[in-house]
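# Working through the structure, step by step
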Amino acid sequence: MDADAAARIAELEARVRQQDEHLRERDAQIATQQAQLNALEARIAAMQRRIFGRSSEIFNDPNQQAIDFGFGASGPFVDAAATAEVTAATTTDADDAELDAQTRPARRGRDRARRGLYLREIVVAERIVDVPASARVGSDGTPLRQIAEEVSERLDYIPGHYRRERIIRPIYGKPFADDEPRVVAPPPSFLVAKGLPTDALAIQVLVSKYADHLPLYRQSVIAERAGVALSRSTLCGWVKAVCERLAPIWEAIGTEVRSGRYVHLDDTPIRVLAPGGCDIGRMWFYAVPDAVQVRFAPSRAGCWPLDALADYQGWVVSDAYAGHNALFRDGQRRSAGCWVHVRRRFWHLRKLEPEALAMVRRIMGLYRIESVLRTTGADEATIRERRRTESLPRINEIRHHLDRLARTVLPKSPLGQAVFYPLGFWDALTAYVTTGFLPIDNNLAEREIRPLAIGRKNYMFLGSGEDGGGDWAAIAYSVIGSCRLNGLDPVRYLTDIAPFLTNDRFRDYATITPRAWAARQRSVAAA
């Protein structure tokens, strides 16, 4: 081979290598752009789901009955089995329809039973609809006698109305004897010491705003329709007065929350009136199964939960927010994670990524175990043993697939973010398996946030944080939320404890919290 041919071959080989390198760069660029496209599509799908879709995360798995709780001979760590599971992981709208068909009859049954219970407790007013006397004559002209009656019921409503309560205090003394003392009863005490409302009206305003989500301006309009002029500033003063009376109850609820072995922690933003506009404050929720304390803070800094739980020693159930890390540095508190936050990230991708649907199915296996334990009323020792023998192998399987996916997915892709999220606080996620009392998720705190989330869509912002608007809302949501957790009507509860709140000598507020009041009612009913 002459020199020219060798040079030509070398030139062509160099050109081929250059083209190969160029193709590899193009492939890498295409892969990056495809990942960015997938991320944008996921964001668009999330926005469409938020606007048009349903928020429920109930999952109907047609393969649920085929899950092997014993982890058969192939084992949970066989890649071929995992690949087959991912390949079969598909979902359609028919799944949602089937789910609705399964859940609606049970819901209707519960609604009918609940409606019957309510109707039995309501006062009955009888209305007789009779035929005229001329029609109560037989064909032979003799009068007919009533032999039976046909009874039906309807639910009636009497619109609420205002009335003027005139308080008269007789004065006793001797006529025309100015040197003799006069005797008169002391004036009754009210939640709003100086003002128009009785306790019933002040409580109604508070509950309407924070339980029924009626802003004060709407309540003012409703009162005006009834012929009563109540300005928003007047109603705001009433809310302030009642919340100040409830502050000791709020403190006692906080003591109840911090006395448990674990506490749920979560927060949510809230707009607060400020000079020149609105600031974004935070409502921090600290909850146990029968009590919730809400605290207002101007920011989401980790110092706020650390201050609220400074004397607390136990488990804190929360998400992986970095601001919570300060709680666990001194070893006084221990972290328990939330599997709902893990599931939610995969749930949003289940129709885009087969791997995400497969992961949702694995996580739902954990929830099915918890559902069985809850419905059977298992004790703590049984729960701990069942979690060790049934939940722990499933968690190990989930970790195996997370590690497998972590080696292949891009960290910044939607699936990558869902995969790396649980790996970042795995010890906290698996803590519940080692106990028989820790919950699997932080759903309790999220449920308590829901009323506030509905309310802020109606009143849009709270009063100035500097003037105490955030603190008033925190007190009201704490008391009303604790009533809800204990099955108490907040109006009736606040009416019952109002005499204690207006008694300046009463100090034992721990005995009239919603938890204590519900226990008292149960003991009276059992007697």
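Per-chain numbering applies: the sequence of each chain, read as written, is numbered from 1 onward. Selection of residues for local features in this predicted model requires a pLDDT of at least 70, selection of side-chain atom pairs for listing and counting requires 80 or more, and totals for whole chains, interfaces and linings are taken over all residues. Derived side-chain values reflect all non-hydrogen atoms in the structure, with water molecules and hydrogen atoms excluded from consideration.

## A word on the overall build of the protein chain
- The secondary structure listing takes helices from DSSP runs of H or I that are at least 4 residues long and strands from runs of E that are at least 2 residues long, numbered from the N terminus. Along the protein chain, the regular secondary structure elements total 16 helices and seven strands.
- Summary of the burial criterion: residues with accessible area below 20% of their type's maximum are buried, those above 50% are exposed, and those between are partly exposed, where the area comes from a 1.4 Å probe applied to protein chains only. Every one of the 527 residues in the protein chain was classed for burial, and the buried ones make up 38%.
- Any two residues having at least one pair of non-hydrogen atoms within 4.5 Å are treated as being in contact. Expressed as a percentage of contacts within the protein chain between residues at least 6 apart in sequence, the contacts between residues at least 24 apart total 65%.
- Per-residue and other accessible areas follow the Shrake-Rupley method at a 1.4 Å probe size, with only the shown protein chains counted as cover for residues. With an accessible surface of roughly 32,400 Å², the protein chain has 54% of that area assigned to carbon and sulfur atoms.

## Remarks on the pattern of salt bridges
- Counted as salt bridges are all cases of a side-chain nitrogen of Lys or Arg within 4 Å of a carboxyl oxygen of Asp or Glu. For the coordinates displayed, the defined rule picks out 16 salt bridges.
- As a salt-bridge pair, glutamate 11 and arginine 15 come within 3.3 Å of each other at their nearest N and O atoms. Note that glutamate 11 and arginine 15 are positioned in helix H1 (residues 3-52) at a spacing of four residues, about one turn of the helix.
- For glutamate 11, a relative accessible area of 39% puts it in the partly exposed group.

## Looking at the packing of helix H4 (residues 199-210) against helix H14 (residues 469-485)
- For helices, the fitted line uses only the C-alpha atoms of the stretch in contact; every axis is such a line through C-alpha atoms, and the angle between N-to-C directions lies from 0 to 180 degrees. Running from N to C, H4 and H14 point in directions that differ by 90 degrees, and their axes come no closer than 10 Å. Accordingly, the angle class assigned to the pair H4 and H14 is roughly perpendicular. Residue-level contacts link Leu206, Val207 and Tyr210 of H4 to Trp472, Ala473, Ala476, Tyr477 and Ile480 of H14.
- Of the residues that constitute the contact of H4 with H14, the class distribution is eight nonpolar, no polar and no charged. By definition in this entry, angles of less than 35 degrees are roughly parallel, angles greater than 145 are roughly antiparallel, angles of 65 to 115 are roughly perpendicular, and the rest are oblique. When residue character is reported, Ala, Val, Leu, Ile, Met, Phe, Trp, Tyr, Cys and Pro are called nonpolar, Asp, Glu, Lys and Arg charged, and the others, Gly included, polar.

## Regarding the side chain of asparagine 442
- Within the fold, asparagine 442 resides in the loop between helix H12 (426-429) and helix H13 (443-459).
- You can call asparagine 442 buried: its relative accessible area is 0%.
- Whenever two N or O atoms come within 3.5 Å, that pair is a polar contact, provided that in protein one can donate a hydrogen and the other can accept it, and provided that, for residues adjacent in sequence, both atoms are side-chain atoms. Here histidine 264 takes part through its side chain, which lies 2.8 Å from a polar atom of the side chain of asparagine 442.
- Ignoring sequence-local partners within four residues, the contact set of asparagine 442 consists of His264, Leu265, Asp266, Val317, Ser318 and Cys338.

## Remarks on the sheet that holds strand E5 (residues 291-297)
- Strands pair, by our definition, only if DSSP identifies at least two bridges between them. Spatially, E5-E4-E3-E6-E7 is the arrangement adopted by the five strands of the open sheet, whose pairing is mixed. Unpaired on one side and paired on the other, E5 and strand E7 (333-336) mark the two borders of the sheet. Across the sheet, the mean angle from the axis of one strand to that of its neighbour is 30 degrees, orientation sign disregarded.
- Bridge analysis of strand E4 (residues 277-288) against E5 gives seven bridges, and the strand direction is antiparallel. Following the sheet pairing, arginine 282 is matched in E5 by alanine 297.
- Each of strand E3 (262-274), E4 and E5 touches helix H6 (residues 232-257); the most contacted strand, E5, lies at about 115 degrees to it.

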